[in-house]
Structure formats: C-alpha cells, structure tokens
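Coordinate analysis (summary)
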Amino acid sequence: MVHFALDWLDYISLFFIIFMGVPHGAMDGAISVTLGFTKSFHLQVRFIITYLLIALLVVVLWYFLPVFSLIIFLLVSIFHFGCGDLNWKNNRFYYISGYVHGGLVVLGIIFFNKDEVDNLFSILSGNQLYLLWQFLYVALIVWVLSLIYLLFNHKKIVITKNYIKLLSLIVLVISLLPPLPAFAIYFCSIHSTNHIKRIIPTLLSFMEKKKILYLMIIFSALSWLGGGLAYYILLNLNSYTDTIIKVTFIGLAALTFPHMILVDGVFRLKYKV
C-alpha cells in the first residue's frame, strides 16, 4: 500500500475540486430539461437511472480493472477539457486542437510532477503502473505530433489575445504548482467557468435562473452525499489519505463519463455551443 502524505495546500485543492468544481457538472439536471428529458415522468426517471447506471458502471469497472479505467479516464479528460474550452466545431481539426489543448493540461500536470503523480496513480490503480506509463508516453508522442500538425496548419487557427492569456496561465500553473493545486485551479477557475459561460445562454432560453440554480444545488448535494457515503465505506479499508484521493478522483471519473456523453455528445452537438 502506498502512503502518500497530503499537505495543507493539497487539502485546500481537494476542497475546491469537490465543492467548487463538481457543481458545474451538476448543471446536467438543467441541461436535461433543455433536451426534453423531463417532458414526462417516464423520461425523467429513465434519464436519472441511465445517468446513475453509467456512473455505477465506471465504479465497478474501476474496481475490477483499475489501470485500464484510469487510462480511459485520462484520455476522456483530455478531450473533454480540450474540446470544452474551445468553440464547438464538428471536424477533425477541432478534435485535434482539443487533444492538444486538453493534453497540455492533463499531460502537462503529469509530466511536470512525475513522482507525485506516480504516487497518486498508485493509490488510484495499485502498483502495476507499467502499462499506464507506457500509455502516457504514447499519448505524449501523439500530443507532440498533433501540435506539429497544428503548426503546419496554422492558417486555420484563430488565436485571440484572451486565448494567449489562457494558455500562458495554464503553462504557469502546471509548471510551477504541485499536481493537485494545479488541477484545482484549472478545473475550478478555467474549465468550470468556461462550461458555465458556454451553456447558460441556452439554459436561460428554457428556464429561469432560479430553476437552474435549484437544479444545480440538488444535483450537487446528491453528488456530495454519494461521495460522503463512499468515503465512509472506503475508510474502513484504506488510510485517510488514500480514501479521500480515491473518493475524489474515482468519483470524478464516475460523474465525468455520463456528463461528457450528455454535454459533448448531445447538448453541444444539438445547440452548437
């Protein structure tokens, strides 16, 4: 068993990830309204059950295949973060750009903090990390090749001053801070903010601000309740540090998969946002 010590900055980071980052995904309840999943009681129940089953499937798969699950989670996160921060387009160039942008965040945090991240990975997936690191090196090579592709096609890229500032901030954060604080700043201040700004105009055309806020609070509270229950169960089997790391990141994975299917696979595709 890996014994990984968290310092006060790590605990603050985890607090923000859980209580400031998770609520942006809790807006999925409001998104379901815009997509017509609440037109009838039957549709609403089916949406909730499907959402929960996908999340549960992730947890079960993580239990039996932790390394494979972590690899898939990292890959999904790269595209979700990268494409989520960019203006939506349905073409190859958009997805390659998304991989480069998201890879800068995910792979950047990992390779700037290899030792600390390796300890975190050990907690999340056990000590058999050879396959995981092989994947990460391949992902890094693909990232470099994708970046080269973008540079050769630079005329297709529209780079604004705001985007340059954003990239500069990301590079500074991931290169100067430990992994958990770096991820917390990106996840809460950049990704969550961009997500909310992007979807709010569409949501407001279907419902009032009060209803959006109400649904976000309800889904956030349910997420925190589920996390608290998982923490209570796992604490009997793991150390305090291992438990909080597992609950936070396996919980994020469980929420990210249905969230990504709903947002990137349905909502953004339909409303072109």
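Refer to the structure printed above.
Once a new chain begins, its residue numbering starts again from 1 and follows that chain's sequence as written. Side-chain atom pairs in this predicted model are given and counted only at pLDDT of 80 or more, local residue features only at pLDDT of at least 70, and totals for whole chains, interfaces and linings cover all residues. Side-chain numbers come from the whole structure's heavy atoms, not from hydrogens or water.

1. Re the packing of helix H4 (residues 66-85) against helix H9 (residues 179-204)
Packed helix pairs are characterised by how far apart their axes lie and by the angle those axes make with each other. A fitted line through C-alpha atoms serves as each axis, taken over the contacting stretch for helices, and the angle formed by two N-to-C directions is quoted from 0 to 180°. Only DSSP runs of H or I covering at least 4 residues are called helices, and only runs of E covering at least 2 are called strands; the numbering of each starts at the N terminus. Direction vectors running N to C along H4 and H9 enclose 50°, while the axes themselves pass 9 Å from each other. By the criterion of interaxial angle, the relationship of H4 to H9 is oblique. Note on packing geometry: the crossing formed by H4 with H9 is left-handed. Residues His80, Phe81, Gly84 and Asp85 of H4 form the contact with H9, whose own contacting residues are Phe183, Tyr186, Phe187, Ile190, His191, Asn194 and Arg198. Here the term charged refers only to Asp, Glu, Lys and Arg, the term nonpolar to Ala, Val, Leu, Ile, Met, Phe, Trp, Tyr, Cys and Pro, and the term polar to all other amino acids, Gly among them. Residue composition of the contact of H4 with H9, grouped by class: five nonpolar, four polar and two charged. We call two directions roughly parallel when the angle between them is under 35 degrees, roughly antiparallel when it is over 145, roughly perpendicular when it lies between 65 and 115, and oblique otherwise. Crossing handedness is defined as follows: a turn of the near helix away from the far one that is anticlockwise and smaller than a right angle gives a left-handed crossing, while the clockwise case is right-handed. Contacts are assigned to residue pairs with any non-hydrogen atoms lying within 4.5 Å of each other.

2. Considerations on the nonpolar core
One finds Leu74, Phe121, Leu132, Leu136, Ile245 and Phe249 to be the most contacted residues of the largest nonpolar core, which totals 58 residues. With 10 residues, helix H5 (residues 92-112) is the largest single contributor of residues to this core. Among residues more than four places away in sequence, those in contact with isoleucine 245 are Leu6, Leu14, Leu120, Ile123, Leu124, Leu180 and Ile250. Of all hydrophobic cores here, the second largest spans 18 residues; its members include Val33, Tyr51, Leu215 and Val263. To qualify as a nonpolar core, a set must consist of buried Ala, Val, Leu, Ile, Met, Phe, Trp, Tyr and Cys residues joined through side-chain atoms within 4.5 Å. Think of it in three bands: with a 1.4 Å probe and only protein chains considered, a residue is buried below 20% of the maximum accessible area for its type, exposed above 50%, and partly exposed in between.

3. So, the packing of aromatic side chains
Aromatic rings from Phe, Tyr and Trp, taking only the six-membered ring of Trp, are treated as a pair when their centres fall within 6.5 Å; an angle between ring planes under 30 degrees marks them as stacked, one over 60 as edge-to-face, and anything in between as tilted. Under the defined criterion, the tally for this structure stands at 23 aromatic pairs. With a centroid separation of 5.4 Å and 45° between ring planes, the pair formed by phenylalanine 79 and tyrosine 99 is classed as tilted. Placement of phenylalanine 79 in helix H4 and of tyrosine 99 in helix H5 is noted, with a sequence separation of 20 residues between them. Where tyrosine 231 meets tyrosine 240, the ring centres are 6.2 Å apart and the plane angle is 85°; that geometry is what we call edge-to-face. Through a chain of ring-to-ring contacts, the aromatic side chains of Phe81, Phe183, Tyr186, Phe187 and Phe249 assemble into a single cluster. Here, a charge over a ring is recorded when the distance from Lys NZ or Arg CZ to the ring centre is within 6 Å and its angle to the ring normal is within 35 degrees. We note lysine 114 situated over the ring of tryptophan 133; from NZ or CZ to the ring centre the distance is 5.4 Å.

4. Some words on the environment of leucine 14
Along the chain, leucine 14 falls in helix H1 (residues 8-25). Each C-alpha atom, one on leucine 14 and one on leucine 180, is 7.2 Å from the other, the two residues being 166 residues apart in sequence. Not counting the four nearest positions on each side in its chain, leucine 14 is found in contact with Leu6, Leu180, Ile244, Ile245, Thr248 and Phe249.

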